Every structure is written in C-alpha cells, then in structure tokens.
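Observations on the model geometry
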Amino acid sequence: MHTRITTLFLIVFGATISIGQDLNKTLDSKIENLYESSEIPGFSIAKVNSDSIVFLKSYGYENLDRHLKFSSKQRFNIASVSKTFIGLGIMTLLEEGKLTLDTPVNEVLPFKVVHPYHDSEITIRHLATHTSAILDEDIEKKSWYLDGPLTLSKKEMGKDSFKTFSSWADNTKTSLGDFLKAALSKDGVHYTKKRFAKTVPGDTYVYSNIGAALAAYIIEVKTGISYDRYIEELITNQFGFPVGVWKHTSEQLPTSYFQNKIEIPPYRPILYPAGGMMLSCQELSEYLSHMIKGFQGDSDILQPESFQKMMNLSEGNGVFWELKGTKVGHNGGNYGVICLMGFDKETGIGKILLTNISSYASDDLLKQVIRIWEAL
C-alpha cells in the first residue's frame, strides 16, 4: 500500500513470464540458491495456468526464533492484492444492474463527496481506475490502528517506522462508513481540501487507497451487507475457501518482520478492503488460476465480457486490476509483507510471490525479491 510497492508494478510486470516442461526441479534449485543468498526470512511462490497450479512451494521461515517453516497453506496478509476482490464485487453488481461504471458516487452514498475544485461528479469508473482525484495524503496516519501497546523503541524500529507506528497507536478501530464520512465529507473531522487533487476527475491516475475503500463501501451500501461479509460469502461460495479471510483463523497471526528481522507489532487497517485480506499462497494461486480461466471466457463467476472489462477497462487500467502491456495483476506491500500477483494475457501463465518482510530500510531486499520473481 505504500509508494515503493505501488511503483514496483512497473518493474515486476515488465518481466517476461516463461514456462517450459519438466523445469520444476531446475526452478526449485535456482529459487533455493536465491533464497540462501538473500535476507528474506521466508516466502511462497507459485506458477499457475487456467487449469491448475503448475508449481507451488515455500522457502525459509514464517518465524525465525521458533524455526517455523513458511507454508504455502499458511494464511498471510495479501495487502493491496485485496483490491482485486473489490473489482470482482463491482463487476458482480454491474451484472446485477445495481450499478454502472458511470454511476456518480453521490447517487449511492449516505453522505456527499464533493470535489472542492471542480463541479464534475466522481463516478464508480473513477474510483476503479484511480482517477477520482481523491488523494490519500495524510490518511495513512489515521487509517491504521495497533492491536496492542507499542513496546518497541525507535532504535529497534528505525526513525520512520517508529514515527508511523506511534501515530497508529493513537487510533482506534472505526467502522468503514464512519471513517470515510469523517475523511471525505465537508463536515468530517478528518476532512481537508488536500484530500483532493486539483485535477478533474477522470483526467489523472493517482493511486488511492481511500478511493478503493470508498468503492468497497458503495458495494456495502448497495447490497445492505457489510463489505467483509459480502466478500467472505462470495469467495466461500465461488472458490470454496474457509471462512476467516479478514482475520487469521488461529490465535497466532503469521510473523512479519522489519528489514532488520525485528518482529512487527500487529496492526490493522480501518480501510480494510484496500489491503486487509488474509489468504494463503495456495488459495491465492487457485484464485488467480480461476481469474485466468475467466479472462479466457470459461467461468461462471462473471460473464466473459465482464472479465474482459474488469481486466482491460481502458489503457493501463482495469477495474482494480493493473495493466502493463500483456501483463495484468496487482501487487501489494506494507510493513512486513510483499505480495505480487499477475498473469500474461497472451500465454495464460500467472505467478505469485508472498513474503513476510518489507524493504523500507533499503532497496537491497526489494531487489532480492525481484530476482526471485523474475526467476519464475
């Protein structure tokens, strides 16, 4: 959800995807060597096509102190890859006739979102393509909260991380609708004109977590069901995944790390639709395989034309799916997580990488992640 991971899309989806026969042992050996020469605690990777998971394996440790192996069946935060499920929800409502891409958000919302510099209406299409002119700005300081007291020192966390987590320690869990109203309506306690770019909605791409969360809230309003429950039911029915995608089903959450291998305190997003889902690499692989099948016109989740629109709405943009040439997918990252997911529309081959560390201290670790991604 941070800028460094957002811009990573331009790197990772420019990589060539290539699959040959009987190369899994060679690939496994290559990935093992890359892992051994890296700073990464643990990760899972996968290659998929529309029919199956071609390669799925985990390397390293989910918890270093307890020597717990990283598992492809272990649920982990998939960060902004969560946004692709907003796209799935939006397309479902379009097919049901409950929305159009050009529906103004103020026809749906129980509060008004008014652009302070232009009379133009903000629409579903604008939210879906990150062209709404709604900016995150300082919202990240307000839109996360900690599960417990902050006990790590500035020395342990680093200056920037300590500053961020200290700001989150002052926040409390708030409902999605209440927070969005507070941030986007003129009488909201978090409102500021700086939340909006001076560009006309529809003109300029600016990645927006709060804009994505607003789209999810519109799904909530139109269905009368909380967004978390709506998505839980959708993927349970369509993919057969166990319940609990918004929180880990065991008492112990997976361990995530700062780049110095200090464990990260548990934190939670108020704007949870934009980056709060928990899926295993295996589940994410099954999901991506089905999305490839849908793009190829062989899915009963959505109509073929809906898949095409969702993954190719306009140049460079799908409905919460990111495009670069023939590559389509999404990536995500925050403290203690990097998640990459994408496929090639021409070959129908997809790949996934999910790891439990972040790279804010330097770019060295990020380069190591990219080398593993490219090895796929």
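The present account deals with the structure reproduced in this document. All figures in this text were calculated on a predicted structure; none of them were measured in a lab. (Residues numbered from 1 in each chain as written. Predicted model: local features only at pLDDT ≥ 70, side-chain atom pairs only at ≥ 80, totals over all residues. Heavy atoms only, no water.)

Digging into the environment of Phe241
Relative to the helices and strands, Phe241 is located in the loop between helix 10 (227-239) and strand 6 (267-269). The exposure class assigned to Phe241 is buried, which follows from its relative accessible area of 3%. Linking Phe241 and Leu279, residues 38 residues apart in sequence, is a C-alpha distance of 9.0 Å. Beyond its immediate stretch of four places on either side in the chain, Phe241 contacts Arg75, Ile235, Thr236, Leu279, Glu283, Glu286 and Tyr287. (Helix = DSSP H or I, 4+ residues; strand = E, 2+ residues; numbered from the N terminus. Buried < 20%, exposed > 50% of the residue type's maximum accessible area, 1.4 Å probe, protein only. Contact = heavy atoms within 4.5 Å.)

Some thoughts on the pairing of strand 2 (residues 53-63)
Within a regular beta strand, the side chains point alternately toward one face of the sheet and then the other, so they alternate between its two faces. In this sheet, strand 2 lies alongside strand 1 (residues 42-48) in antiparallel orientation, the contact comprising seven bridges. By the bridge assignment for strand 2, Phe43 is matched with Tyr59. Connecting strand 1 to the antiparallel partner strand 2 that follows it, the hairpin turn spans four residues. In this structure, strand 2 lies alongside strand 3 (residues 68-69), joined through two bridges in antiparallel fashion. Residue pairing for strand 3: Tyr61 is matched across the bridge by Lys69. Joining the antiparallel neighbours strand 2 and strand 3 is a turn of four residues, in which His67 adopts a positive phi near 55 degrees. (Pairing = 2+ DSSP bridges.)

Section: the side chain of Thr123
Its place among the elements puts Thr123 in the loop between helix 3 (83-95) and helix 4 (124-128). Using a relative accessible area of 9% as the deciding quantity, one classes Thr123 as buried. Filtering out sequence-adjacent residues up to four positions away, Thr123 remains in contact with Leu101, Asp102, Thr103, Pro104 and Val105.

As for the packing of aromatic side chains
A full pass over the atoms with the stated rule returns 22 aromatic pairs. Ring plane angle 45 degrees and centroid distance 6.3 Å describe the contact between Tyr227 and Tyr272, whose orientation is recorded as tilted. With Tyr227 in helix 10 and Tyr272 in the loop between strand 6 and strand 7 (278-279), this pair connects stretches of sequence that are 45 residues apart. Comparing Tyr227 with Tyr272 shows no difference in burial state: the two are buried. Relative to Tyr335, the ring of Phe258 has its centre 6.1 Å away and its plane inclined at 75 degrees; by these criteria the two rings are edge-to-face. With a gap of 77 residues between them, Phe258 in the loop between helix 10 and strand 6 and Tyr335 in the loop between strand 9 (327-334) and strand 10 (337-344) connect regions that are remote in the sequence. (Phe/Tyr/Trp six-rings, centres within 6.5 Å; stacked < 30°, edge-to-face > 60°.)

Considerations on helix 7 (residues 159-169)
Those residues of helix 7 that fall on the buried side of the exposure criterion are Ser161, Phe165, Ser167 and Trp168. For helix 7, the angular spread of buried residues about the axis comes to 155 degrees, placing them on one side. Turned more than 90 degrees off the buried face of helix 7, the exposed positions are Lys159 and Lys163. For helix 7, the elements touching its buried residues are helix 5 (139-142), strand 5 (144-146), helix 6 (154-157), strand 6 and strand 9. (Arc of directions from axis to C-beta.)

So, the packing of helix 8 (residues 176-184) against helix 9 (residues 209-223)
How two helices sit against one another is set out by the angle between their axes and by the gap between those axes. Their axes nearest at 10 Å, the elements helix 8 and helix 9 cross at an angle of 130 degrees. The angle between helix 8 and helix 9 falls in the class oblique. Viewed along their axes, helix 8 and helix 9 form a crossing whose handedness is left-handed. Side by side, helix 8 and helix 9 meet where Leu176, Gly177, Leu180, Ala183 and Leu184 of the first sit next to Ile210, Ala213, Leu214, Tyr217 and Glu220 of the second. Considered class by class, the residues forming the contact of helix 8 with helix 9 number eight nonpolar, one polar and one charged. (Axes fitted to C-alpha atoms, helices over the stretch in contact; angles between N-to-C directions. Parallel < 35°, antiparallel > 145°, perpendicular 65-115°, else oblique. Left-handed = near helix turned anticlockwise from the far one by under 90°. Nonpolar A, V, L, I, M, F, W, Y, C, P; charged D, E, K, R; others polar.)

Quick look at the sheet that holds strand 11 (residues 350-355)
With antiparallel pairing, the seven strands of this open sheet are ordered in space as 3-2-1-11-10-9-8. What marks the edges here is a single partner per strand, and that holds for strand 3 and strand 8 (322-324). Relative to strand 11, strand 10 runs antiparallel, the two sharing six bridges. When the sheet's bridge partners are listed, Gly342 is paired in strand 11 with Lys351. Against the sheet, helix 2 (residues 24-36) makes contact with strand 1 and strand 2, and its axis sits at roughly 25 degrees relative to strand 2, the strand it touches most.

Examining the nonpolar core
Within the largest apolar cluster, 83 residues are counted, with the highest numbers of intra-cluster contacts made by Leu180, Tyr287, Met291 and Met310. Broken down by element, this core gets its largest block of residues, nine residues, from helix 9. Counting 22 residues, the second-largest nonpolar core is a separate cluster that includes Leu340, Leu365, Ile370 and Trp373. (Core = buried A, V, L, I, M, F, W, Y, C linked by side-chain atoms within 4.5 Å.)

Section: unusual backbone geometry
One non-glycine residue with positive phi stands out, namely His130, at about 55 degrees. His130 sits in the buried class, given a relative accessible area of 5%. A positive phi angle is found at Ala133, which is not glycine, with a value near 70 degrees. Looking at the secondary structure, you find Ala133 in the loop between helix 4 and helix 5. Here Ala133 falls in the buried class, since its relative accessible area comes to 5%.

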